[in-house]
Structure formats: structure tokens, C-alpha cells
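Chains, contacts and geometry: an overview
Given next are the chains, with one letter for each unit.
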Amino acid sequence: MVKASLPLTPGIEPLYGTRDENLRLMEDSLGVQIDLRSDAVKVMGEPEAVARVESIFSDFESLRRSGVHPHNGELNALLKVVVTDPSVTLRGLIESGKQRGAGTKRSVQPRTANQRKYLESIEGHDMVFGLGPAGTGKTYLAVAMGVNALLAKKVSRIILVRPAVEAGERLGFLPGSLQEKVDPYMRPLYDALYDLIDPAKVDRMLESGVIEIAPLAFMRGRTLNEAFIIMDEAQNTTNEQMKMFLTRLGNGSKAVITGDLTQIDLPNPRKSGLLEALRVLEGVEGVRFCHFEDVDVVRHQLVQRIVQAYDRHTRAEQTPLTLDNESTLTMPVGSANESRSQRSKPQ
């Protein structure tokens, strides 16, 4: 055990967090004791852990002097990543976030360890699958990385794809042009774009085709070169659609496929193309799977608790579904197919 005394500098208080929540996070995660004194911050623990606390304080002071003042919610999320991985520093996270957000209205910073792995996977691989529950940032971060690649001229266009499957409703025929028919399904992707780039600029990019909305059903036969391609809600693709989409990748392109296997809206959930891709592409060079968990939910804290509650409920009512001779996936009793057959009336 070693002790360290960190000087109190003007403006250091935000690092403590609301009701000292950031200090408690460092204590619990790193196994140290932090004591606030009138003249210094006393830290006691194992040498490596104390050194990491010193690094956090030093980085925060350096960032503060350079004019970077993350708000408390953002700072707490960043610190959760820092204390989880010894190779990550607070300053490094913020600086990499600035680089990824260059030219946009906000920096792109991971708020969980899995988000950091996701971003690094997109940077280092040509095809990345982001799988996990709602609210984990799968789609937003994919769009942010696409915008970054476009503004850095690493790609010449962004292509957004989403299967047109209603979430348990039948909306009927939608009026208007093809673009107007597809727009309601693409709204989450539009929201991310408008959050990152000035809306007028987004509209100009859409008009010029730099950002393209491509209905999944119309992608057969295309080869997409120098593009950043994002397919959202991939759990609602069929096996044939998924294979068709994955084979559109051209030279100089990247593809990010996001989905949540707990929210399959297909008539037969067992026929999800995302489910088959998990099995078929495991171990294929150049393809990376990133899995998110309920602890990665970055929306309102209540969303995380809702996801956990549904997970517990689903596990309590699951029956095994065999994928092949060696692996199984569980599906809820009363799947979409079963429920529909139960509701149907005899002819």
C-alpha cells in the first residue's frame, strides 16, 4: 500500500462529480481510498491503482487548462471507461473523440468500454456487426463514424439501409414518392445525422446523393464502392436479404450492421438473417462482432432497468431453439408465428 497527496487546484471540483460520485467510482473500481482534505486529496492503495488516480487528476487538470470542460454526466461515463481498462486515459479518450467528431457539431466519445471497442473495431475492420439492446448507441455511433469518414474524405458517400418491417403494426400503403415511403423507417438514422451535422447541410447531401437512402429491397445487383454503408435493424432481414446485402460491399468501402435479436419483427423470428450471419460469419477474417449488454445503455437510467427487467422475464419463459448440431438459441414461448396461429380463427 502506498499513499499519495494530490494538490488542490482551482476548478478541480467538477472531477469529484455530483455528491462525489466520480470519487466513489474510482474507489470502488480501483480499490483505493480517497480522502478530501482542506489542502490536498489523499489517495491510498496499491501502487498501480494510486498511479491511475494520479493520472486521472493530472489529465483533468490538463484538459481544464486547455479549455475542455466535460459536463458531469459525460465525465462520469468517460471515467467508467478509464477505470475499466488500464490502457485508456481520460485525456486520450477526449482527444480521440475530438478527432472522430472533426467537422461535426459534437465530439464522438465512447461512454462504455464496449462502445470503445465498437468504435475501434469500425476503424480497424471493413465489416462490423453491432448487436445488443436498445439505447446502447449502436446506430448513433455507426452514423457518427460514417460522417467522420465522409468529412475526412475516406469515403465518397454514406449509404443508409433499413428493412421496411413494421414493429408489430400494419401501416398499410404509405402515400408519396419512394423516398417519402421509406423516410418513416429511416427516422432514427436521420435523427443521428441532424444531431451531428447542420440540418441544411444534411439536406444538401441528401439531394446530391452524398448521403443516400437505399431501400434494402432495391439493392440487388449493386456494387457499392468507396462508401460507408450502415444497415440498421438488421434483425428484421431474412437470410436471403442479409446475404444479398453483405455481398454488395465494393472496393474502399466499410459496412456496419446493427441489430437487436430480442426485437425481431419478422413473421418467423427463426428466419432472421442476422441470426444466421452470427453463425455463418464467425471467424471470417475482416468481420468483427461487437456485443453490447444492458450496462451499455446510455439513455435515461430507467431504460437500462427496463432492458434488464425484460431480459429477466424473457429468460424465465424461454424454450431452446436449435440452430445446428452444436449451438442453440432460446426463443420465447409463444413466438410471433405461434401467437398469430393462436389468434387465427378456423375457416
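Residues numbered from 1 in each chain as written. Predicted model: local features only at pLDDT ≥ 70, side-chain atom pairs only at ≥ 80, totals over all residues. Heavy atoms only, no water.

**Regarding the packing of aromatic side chains**
The following threshold applies: Think of it this way: a Phe, Tyr or Trp ring, Trp meaning its six-membered ring, pairs with another when their centres are within 6.5 Å, and the plane angle makes it stacked under 30 degrees, edge-to-face over 60, tilted otherwise. Strands here mean DSSP runs of E at least two residues long; helices mean DSSP runs of H or I at least four residues long; both are numbered from the N terminus. Exposure classes here rest on a 1.4 Å probe applied to the protein chains alone. A residue is buried below 20% of its type maximum, exposed above 50%, and partly exposed in between.
One pass over the full model with this rule turns up 3 aromatic pairs. Each ring, one from Tyr 118 and one from Phe 292, has its centre 5.1 Å from the other, and the planes form 80 degrees; the classification is edge-to-face. You can see Tyr 118 sitting in helix α5 (residues 113–124) and its partner Phe 292 sitting in the loop between β9 (287–291) and α11 (301–316), a full 174 residues away along the chain. One exposure class covers both Tyr 118 and Phe 292, and it is buried.

**Looking at the sheet that holds strand β1 (residues 2–7)**
Each strand in a sheet pairs with another by means of backbone hydrogen bonds, the pair being arranged parallel or else antiparallel. Counted only if it meets this: The criterion for strand pairing is that DSSP finds at least two bridges linking the strands in question. Lines fitted to C-alpha atoms define the axes, with helix axes restricted to the stretch in contact, and inter-axis angles between N-to-C directions lie between 0 and 180 degrees. Here, two residues are considered to be in contact whenever any of their heavy atoms come within 4.5 Å of each other.
Strand order in the open sheet formed by 3 strands is β1-β3-β2, and the pairing between neighbours is antiparallel. Looking at strand neighbours, the two that pair on one side only are β1 and β2 (33–36), the edges of this open sheet. Going from strand to strand, the sheet's axes swing by 20 degrees on average, the running direction of each strand aside. Of the strand pairs in this sheet, β2 and strand β3 (residues 40–45) are connected by 4 bridges, and their pairing is antiparallel. Paired with Asp 35 across the strands is Lys 42, a residue of β3. Together, β1, β2 and β3 form the strand contacts of helix α2 (residues 47–65), whose direction differs from that of β1 by roughly 5 degrees.

**Examining the pattern of salt bridges**
Stated precisely, the cut-off is as follows: A pair is scored as a salt bridge if a Lys or Arg side-chain nitrogen falls within 4 Å of a carboxyl oxygen belonging to Asp or Glu.
Scanning the entire structure with this criterion turns up 11 salt bridges. Here Glu 61 and Arg 65 are joined by a salt bridge, their closest N and O atoms 2.8 Å apart. Residue Glu 61 and its partner Arg 65 are both found in helix α2; the two are separated by 4 residues, about one turn of the helix. With relative accessibility at 11%, the residue Glu 61 sits in the buried group. When the shortest N-O distance is used, the salt bridge between Arg 162 and Asp 232 registers 3.2 Å. Here Asp 232 lies in the loop between β7 (227–231) and α9 (239–246) and Arg 162 lies in the loop between β5 (157–161) and α7 (178–196), a separation of 70 residues in the sequence. Take Arg 162: its relative accessible area is 14%, and that puts it in the buried class. Salt bridges sharing common partners tie together Glu 61, Arg 64 and Arg 65.

**What about a nonpolar patch on the surface?**
The condition is simple: Put simply, a patch holds well-exposed residues, over 30% relative accessible area, that have no salt bridge, with like charges counted together within 9 Å and Val, Leu, Ile, Met, Phe, Trp or Tyr side chains within 5 Å. For every accessible area listed, the method is Shrake-Rupley and the probe measures 1.4 Å; residues are considered covered only by the protein chains on display.
A cluster of nonpolar side chains, namely Leu 302, Ile 306 and Tyr 310, defines an oily patch on the protein surface of about 310 Å² accessible area. Relative to the helices and strands, Leu 302 resides in helix α11.

**What to know about the sheet that holds strand β4 (residues 127–131)**
The strand order across the open sheet formed by 6 strands is β6-β5-β7-β8-β4-β9, and the pairing between neighbours is parallel. At either end of the open sheet lies a strand with only one pairing partner, and these are β6 (211–213) and β9. Averaged over all adjacent pairs, the angle separating strand axes in this sheet is 15 degrees, with direction ignored. Summarising the sheet, β4 and strand β8 (residues 254–259) pair through 5 bridges and their orientation is parallel. Looking across to β8, one finds that Val 128 is bridged to Val 256. In the packing of α5 onto the sheet, the strands contacted are β4, β7, β8 and β9, and the crossing angle to β8 comes to about 150 degrees.

**Re the nonpolar core**
Operational definition: By nonpolar core we mean a set of buried residues, namely Ala, Val, Leu, Ile, Met, Phe, Trp, Tyr and Cys, connected to one another through side-chain atoms within 4.5 Å.
Counting residues in each nonpolar core, the largest one holds 32 residues, and the members touching the most others are Tyr 118, Ile 122, Val 143, Val 147, Leu 160, Leu 193 and Phe 228. Put simply, the parts of the chain that give this core at least two residues each are α5, α6 (138–151), β5, α7, α8 (199–208), β6 and β7. The element that contributes the greatest number of residues to this core is α6, accounting for 8 residues. Among all residues touching Val 147, those that are not within four sequence positions of it are Thr 104, Ile 158, Leu 193, Leu 196 and Ile 197.

**As for helix α3 (residues 72–84)**
As a reminder, the rule being used: Any helix carries an expected span of 1.5 Å times its number of residues minus one.
Taking 1.5 Å of rise per residue, 13 residues should cover 18 Å, and α3 covers 18 Å from first to last C-alpha, within 8% of that figure. Listing the buried residues of α3 in full gives Glu 74, Leu 75, Asn 76, Ala 77, Leu 78, Leu 79, Val 81, Val 82 and Val 83. Each element contacted by the buried residues of α3 is listed here: α1 (21–30), α2, α4 (90–100) and α5.

By themselves, these figures tell us nothing about what the structure is for.
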